[in-house]
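# Observations on the three-dimensional arrangement
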Amino acid sequence: MGEELIVTGIYKTGKYIGKKVGEREATYTVEVLSVIKHPIQGDLHHPNQTDEGFFHERKALAYREKVNIPQKW
């Protein structure tokens, strides 16, 4: 049986700990185990400006959710 590889990775603006479950040419498929840094909230086009009328709510990836993370970040 193969060894489980625990990795950290960045997806959008969040940082996660996960288990590597697959590999493609330019990405790793990672099963999320924990959130290190939650994604940035707010207007991503005008960061640190509070008078903008547009707001993005970015939720962190869920436990055991699978995501493709670039091999080079």
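This write-up is about the structure you can find in this document. (Residues numbered from 1 in each chain as written. Predicted model: local features only at pLDDT ≥ 70, side-chain atom pairs only at ≥ 80, totals over all residues. Heavy atoms only, no water.)

Right, let's get into the overall build of the chain. Looking only at helices and strands, one finds zero helices and four strands in the chain. The buried share of the chain, taken over its 73 residues, is 22%. Counting contacts in the chain only where the partners sit at least 6 residues apart, residues at least 24 apart contribute 46% of the total. (Helix = DSSP H or I, 4+ residues; strand = E, 2+ residues; numbered from the N terminus. Buried < 20%, exposed > 50% of the residue type's maximum accessible area, 1.4 Å probe, protein only. Contact = heavy atoms within 4.5 Å.)

The strand order E1-E2-E3-E4 describes an open sheet built from four strands, whose pairing is antiparallel. Two strands bound the open sheet, and with one partner strand each, they are strand E1 (5–11) and strand E4 (66–70). Strand-to-strand twist of the sheet, defined as the mean angle between neighbouring strand axes without regard to direction, takes the value 55°. Where E1 meets strand E2 (residues 14–23), seven bridges bridge the pair, whose relative direction is antiparallel. Along E2, the bridge assignment pairs Leu 5 with Lys 20. (Pairing = 2+ DSSP bridges. Axes fitted to C-alpha atoms, helices over the stretch in contact; angles between N-to-C directions.)

Along a regular strand, successive side chains alternate from one face of the sheet to the other. Residues Val 67 and Ile 69 point to one face of E4 and are all buried, whereas Lys 66, Asn 68 and Pro 70, pointing to the other face, are not buried. Taken together, the five bridges between strand E3 (residues 27–37) and E4 define a ladder with antiparallel strand orientation. Looking across to E4, one finds that Thr 29 is bridged to Asn 68.

The next point concerns a nonpolar patch on the surface. Nonpolar side chains collect at one region of the surface, where Ile 6, Leu 33 and Tyr 63 lie side by side and expose about 320 Å² of accessible area between them. Within the secondary structure, Ile 6 sits in strand E1. (Patch = residues over 30% accessible without salt bridge, like charges linked within 9 Å, V, L, I, M, F, W, Y side chains within 5 Å. Areas by Shrake-Rupley, 256 points an atom, 1.4 Å probe, with all protein chains shown as cover. Salt bridge = Lys/Arg side-chain N within 4 Å of Asp/Glu carboxyl O.)

Moving on: the environment of Glu 57. Along the chain, Glu 57 turns up in the loop between E3 and E4. For Glu 57, a relative accessible area of 60% puts it in the exposed group.

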